[in-house]
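Residue strings, one per chain:
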Amino acid sequence: MKIAIFPGSFDPFTIGHESILRRAIPMFDKIIVMIGFNANKKSFFSLEKRLKWINQIFENVEKVEVRVHEGLTVDFCKEVGARYILRGLRTSADFEYERAIAQVNKKMHPEIETVFLLTLPEHTPINATIIRDIVFHGGDASMFLPKGLDMNEFKTEK
Ligand code: ADP
């Protein structure tokens, strides 16, 4: 069984993340979205909300599962039997950052492959930091967020 994990902080999960994940579905038997949890780093949106939103978006997609993990991504891969790590690439800055992580992971765990999908051009400028800023200042970020979510749940954070 080809299992991939899609790790990230997803604070929040955007249409950019959604697109990468949906495009990867035909490539794997199962994709586990791994919300990375770091007890020392405060997120903007609560873990409960992030978990709920991603579950809601993919509730009808049998191949997609959502889990929370604290610690190294590769340890989570071992725990769930995943041999692939899925990541999205937007810019050359993403590439340089991702290249280092993937190459170090590969050195330490040669059995795990990192698979990159290039973002759709229209999703290149979408990043979670900008969306958090829009929400924080009371703007409307709905065009950058997956359809079907309750936008009121995004307004209450501050
Ligand atoms: P991290 O905190 O590890 O950077 P993110 O939650 O920001 O994780 O993103 C998870 C993955 O999704 C990363 O591979 C990132 O490059 C990718 N990603 C983020 N935004 C987009 C986007 N707009 N289009 C495509 N991929 C994206």
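Novice: So what about the overall build of the protein? Which residues, and what values?
Specialist: Tallying secondary structure elements over the protein gives 6 helices and 5 strands in all. Taken against the 2.2 N^0.38 rule, which gives 15 Å for 158 residues, the C-alpha radius of gyration of the protein at 15 Å falls within 12% of a compact globule. Along the longest, intermediate and shortest principal axes, the C-alpha atoms of the protein span 45 × 35 × 35 Å. Counting all 158 residues of the protein, 44% fall into the buried class. A sequence separation of at least 24 residues applies to 77% of the contacts in the protein between residues at least 6 apart. Approximately 9,000 Å² of the protein is accessible, and the part contributed by carbon and sulfur atoms is 55%. If you average the places of the 22 positive and of the 21 negative side-chain charges in the protein, the two averages end up 3 Å apart.

Novice: Residue-level account of the sheet that holds strand β1 (residues 3–8), with values.
Specialist: Reading across from one edge, β3-β2-β1-β4-β5 is the order of the 5 strands in this open sheet, with parallel pairing throughout. Of all strands in the sheet, those with a lone pairing partner are β3 (64–69) and β5 (113–118), marking the two edges. Each strand of the sheet is rotated relative to its neighbour by a mean of 30°, with strand direction disregarded. Relative to strand β2 (residues 30–36), β1 is paired through 6 bridges, and the arrangement is parallel. Each bridged residue has a counterpart across the sheet, and for Ile5 the counterpart in β2 is Ile32. Across the sheet, helix α4 (residues 92–108) touches β4 (84–89) and β5, and the angle it forms with β4 is around 170°.

Novice: Got a sec to walk through the site of the ligand? Specific residues and values, please.
Specialist: Neighbouring the ligand are 16 residues, the closest being Ser9, Phe10, Gly88, His123 and Ile126. Interatomic distance of 2.6 Å between a backbone N/O atom of Gly88 and an oxygen atom of the ligand. Side-chain polar atom of Thr119 to a nitrogen atom of the ligand: 2.9 Å apart, as the coordinates give it. Alone, the ligand offers 550 Å² of accessible surface; in the complex the protein occludes 86% of this. If you list the elements that add at least two residues to the shell around the ligand, you get β1, α1 (15–24), β4 and α4. Partitioned by chemical class, the residues of the shell around the ligand number 5 nonpolar, 7 polar and 4 charged.

Novice: Talk me through helix α5 (residues 128–136); I want residue IDs and the actual numbers.
Specialist: Where α5 is concerned, the buried positions are Ala128, Ile131 and Val135. Down the axis of α5, the sector holding all buried residues measures 60°, keeping them to one side. Contacts made by the buried residues of α5 are with α6 (152–155). Where α5 begins, the capping side chain belongs to Asn127, and its oxygen is found 3.0 Å from the backbone nitrogen of Thr129.

Basis of the calculations
- Residues numbered from 1 in each chain as written.
- Predicted model: local features only at pLDDT ≥ 70, side-chain atom pairs only at ≥ 80, totals over all residues.
- Heavy atoms only, no water.
- Helix = DSSP H or I, 4+ residues; strand = E, 2+ residues; numbered from the N terminus.
- Rg over C-alpha atoms; globule rule 2.2 N^0.38 Å.
- Buried < 20%, exposed > 50% of the residue type's maximum accessible area, 1.4 Å probe, protein only.
- Contact = heavy atoms within 4.5 Å.
- Areas by Shrake-Rupley, 256 points an atom, 1.4 Å probe, with all protein chains shown as cover.
- Lys, Arg positive; Asp, Glu negative; His and termini not counted.
- Charge placed at Lys NZ, Arg CZ, Asp CG, Glu CD.
- Pairing = 2+ DSSP bridges.
- Axes fitted to C-alpha atoms, helices over the stretch in contact; angles between N-to-C directions.
- Near = heavy atom within 4 Å.
- Polar contact = N/O pair within 3.5 Å; in protein donor to acceptor, adjacent residues only side chain to side chain.
- Nonpolar A, V, L, I, M, F, W, Y, C, P; charged D, E, K, R; others polar.
- Arc of directions from axis to C-beta.

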